[in-house]
Amino acid sequence: MKQGHHDRNLIVFDGECVLCSGFFRFMLRHDRNRVFRFATAQSPLGQRLYAQLGLPTQDFETNLVIINGQTHQKLDAFAAAMRALPGGWRMLSVCRFLPRFAKNPLYHLIARNRFRLLGRHDTCLVPDQALRSRFAPDGF
């Protein structure tokens, strides 16, 4: 899926999910070259992207990682994000080589149970100006 003008590399994450928000914070901390911009799945941009992909727009069982116009979902999204980071984090991208019959059920097991296992955020993230600059337009 081509993304048009808004971003070359984008991570869309569920802003209410503790696990997904943890992934966002991890990427924010380790993306020292500022390769990615971010958007929440609940934002206007996130809603448009999920709808364009035919994904649910209320129950987000995958983050989206968009690199050079190519959208990655599920464990492949994690692998794509890790490949884009500097240093040793790239080693974690090897999970992309797992056979789909193994990685999809594992991913779905975690995704379906993430709220029960880790909970939800009770409040929304309120970014300061520096953090807001890392979000795509319409991404928060």
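Attention here is on the structure that accompanies the text. (Residues numbered from 1 in each chain as written. Predicted model: local features only at pLDDT ≥ 70, side-chain atom pairs only at ≥ 80, totals over all residues. Heavy atoms only, no water.)

### Description of the sheet that holds strand β4 (residues 70–73)
Read from one edge of the open sheet, four strands run β2-β1-β3-β4, paired in mixed fashion. This sheet does not close on itself; its edge strands, each paired only once, are β2 (37–40) and β4. Neighbour-to-neighbour, the strand axes of the sheet open up by a mean angle of 20°, direction not taken into account. The pairing of strand β1 (residues 9–13) with β2 spans four bridges and is parallel. Each bridged residue has a counterpart across the sheet, and for phenylalanine 13 the counterpart in β2 is threonine 40. Seen against the sheet, helix α1 (residues 18–30) touches β1 and β2 and runs at an angle of roughly 150° to β1. Against the sheet, helix α2 (residues 44–52) makes contact with β1, β2 and β3 (64–67), and its axis sits at roughly 90° relative to β1, the strand it touches most. (Pairing = 2+ DSSP bridges. Helix = DSSP H or I, 4+ residues; strand = E, 2+ residues; numbered from the N terminus. Axes fitted to C-alpha atoms, helices over the stretch in contact; angles between N-to-C directions. Contact = heavy atoms within 4.5 Å.)

### Thoughts on the nonpolar core
Nonpolar side chains in soluble globular proteins generally cluster together in the buried interior. By size, the foremost hydrophobic cluster in this structure holds 19 residues, and its most contacted members are Ile11, Met27, Phe36, Phe38, Val65, Ala81 and Met82. Going through the elements one at a time, β1, α1, β3 and α3 (74–84) are the ones with two or more residues in this core. Broken down by element, this core gets its largest block of residues, five residues, from α1. Excluding anything up to four places from it in sequence, phenylalanine 36 contacts Asn9, Leu10, Ile11, Met27, Asp31, Val65, Ile66, Ile67, Ala81, Ala84 and Arg134. Formed by 11 residues, the second largest nonpolar core is a distinct cluster that contains Leu45, Leu49, Leu64 and Ala136. (Core = buried A, V, L, I, M, F, W, Y, C linked by side-chain atoms within 4.5 Å. Buried < 20%, exposed > 50% of the residue type's maximum accessible area, 1.4 Å probe, protein only.)

### Description of the environment of alanine 41
Along the polypeptide, alanine 41 turns up in the loop between β2 and α2. Each C-alpha atom of the pair alanine 41 and isoleucine 11 lies 9.5 Å from the other, and the pair is 30 residues apart in sequence. Sequence-distant contacts of alanine 41, that is, excluding residues within four places in its chain, are made with Val12, Phe13, Asp14, Gly46, Gln47, Tyr50 and Phe60.

### Remarks on the packing of aromatic side chains
Applying the stated rule across the entire model yields eight aromatic pairs. Seen in terms of ring centroids, phenylalanine 26 and tryptophan 89 are 4.7 Å apart; in terms of plane orientation they differ by 90°. Their pairing is edge-to-face. Note that phenylalanine 26 is positioned in helix α1 and tryptophan 89 in the loop between α3 and α4 (100–118), a separation of 63 residues in sequence. Phenylalanine 26 sits in the buried class, given a relative accessible area of 17%. Residue tryptophan 89 is classed as partly exposed on the basis of its relative accessible area, which comes to 31%. (Phe/Tyr/Trp six-rings, centres within 6.5 Å; stacked < 30°, edge-to-face > 60°.)

### Structural notes on the pattern of salt bridges
Taken as a whole, this structure holds four salt bridges when the rule is applied. One salt bridge in this structure joins arginine 134 and aspartate 31, with 2.8 Å as the shortest N-O distance. With arginine 134 in the segment after α5 (129–132) and aspartate 31 in the loop between α1 and β2, this pair connects stretches of sequence that are 103 residues apart. With relative accessibility at 3%, the residue aspartate 31 sits in the buried group. (Salt bridge = Lys/Arg side-chain N within 4 Å of Asp/Glu carboxyl O.)

None of the figures reported here should be taken as evidence of function without further support.
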